[in-house]
Each structure stands twice: as C-alpha cells, then as structure tokens.
Amino acid sequence: QVQLVESGGGFVQSGGSLRLSCAVSGNIFSLYVMGWYRQAPGKQRELVAAIRPDSTTNYVDSVKGRVTISRDNAKNTVYLQMNSLKPEDTAVYYCNAHRVVVTTGISDYWGQGTQVTVSS
C-alpha cells in the first residue's frame, strides 16, 4: 500500500510563500504522476499542478507563474512551492499519486491534506 504524507501548510499573509512537501512510501515513486489538488470550503476539489515521471508539468491557470511543482525521486518526495499567495489560494491541499498500468488498471492514492490559509 502506498502512503502519502503532506507537510508544510500553514497560515501566511497575502504575498507570502509556502512550500508543501509530500513524502511517498514504496519503491516505485518515480513511476507515478504526482499531483497537488486543493479544495476550498463549498468548492470542488481542483488540480493545482501535476508532474509526470519525465518531469513535465502542468498547472491550473490561476497559479501559473506563482507556483512550481517539483519532484525528488531519490527522496520519494514531491514539492509545491507557492509564491505571491492570495486569499483565494486558501484551501486544503492534497497530494495525489496516480498511475495507469495496462494489466492492473488505475492506481490512485491520496494524502490526508494540509491546510493553507492566506490572509488579506
């Protein structure tokens, strides 16, 4: 079983920065697409950023230029560096590990979430 443990959330003023980390158990971390999602109160969970095994990335438009996702396969860890934070970035942030294998199907694992609160 793959386990994901997030850390790094907290309270920050508008314009500030936070770095989220997600440590993943197991020995096939490098094969997963890793993603950061967020869910604000009353809203649907949305994908913020994702990074593939080849380290290509994609971001939701609202965070482009402010957020960087990266991965360290040696440490089984994915990071989300968030700069110029805005109150609308306030949400619970979840780490996701995703993999599709023809023989075994889709594997999706989630962390427990970490709260990010940005004050105006």
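Residues numbered from 1 in each chain as written. Predicted model: local features only at pLDDT ≥ 70, side-chain atom pairs only at ≥ 80, totals over all residues. Heavy atoms only, no water.

(A) View of the environment of Val 24. Locating Val 24 in the fold gives a position in strand S3 (residues 18-24). Overall, Val 24 belongs to the buried group, its relative accessible area being 8%. Distance from Val 24 to Gln 13, taken between C-alpha atoms, is 29 Å for residues eleven residues apart in sequence. Excluding anything up to four places from it in sequence, Val 24 contacts Val 2, Gln 3, Leu 4, Phe 29, Met 34 and Asn 76. (Helix = DSSP H or I, 4+ residues; strand = E, 2+ residues; numbered from the N terminus. Buried < 20%, exposed > 50% of the residue type's maximum accessible area, 1.4 Å probe, protein only. Contact = heavy atoms within 4.5 Å.)

(B) Inspection of the pairing of strand S10 (residues 105-110) at higher detail. Strand direction decides the pairing type here: strand S9 (residues 91-101) and S10, joined by six bridges, are antiparallel. Directly across from Ala 97, in S10, lies its bridge partner Tyr 109. Between the end of S9 and the start of S10, which pair antiparallel, lie three residues. (Pairing = 2+ DSSP bridges.)

(C) Local environment of the side chain of Thr 114. With respect to the helices and strands, Thr 114 occurs in strand S11 (residues 114-119). On the accessibility criterion, Thr 114 (11% relative accessible area) is buried. Discounting residues that sit within four places of it in the chain, Thr 114 has contacts with Glu 6, Gly 9, Leu 20, Ala 91, Val 92 and Tyr 93.

(D) Spatial organisation of the sheet that holds strand S1 (residues 4-7). Spatial ordering of the open sheet is given by S1-S3-S8-S7, a layout of four strands whose pairing is antiparallel. Pairing within the sheet leaves two strands with one partner each, and these edge strands are S1 and strand S7 (67-72). Ignoring strand direction, the axes of neighbouring strands in this sheet form an average angle of 15°. Looking at chain direction, S7 and strand S8 (residues 77-82) are connected through six bridges and run antiparallel. (Axes fitted to C-alpha atoms, helices over the stretch in contact; angles between N-to-C directions.)

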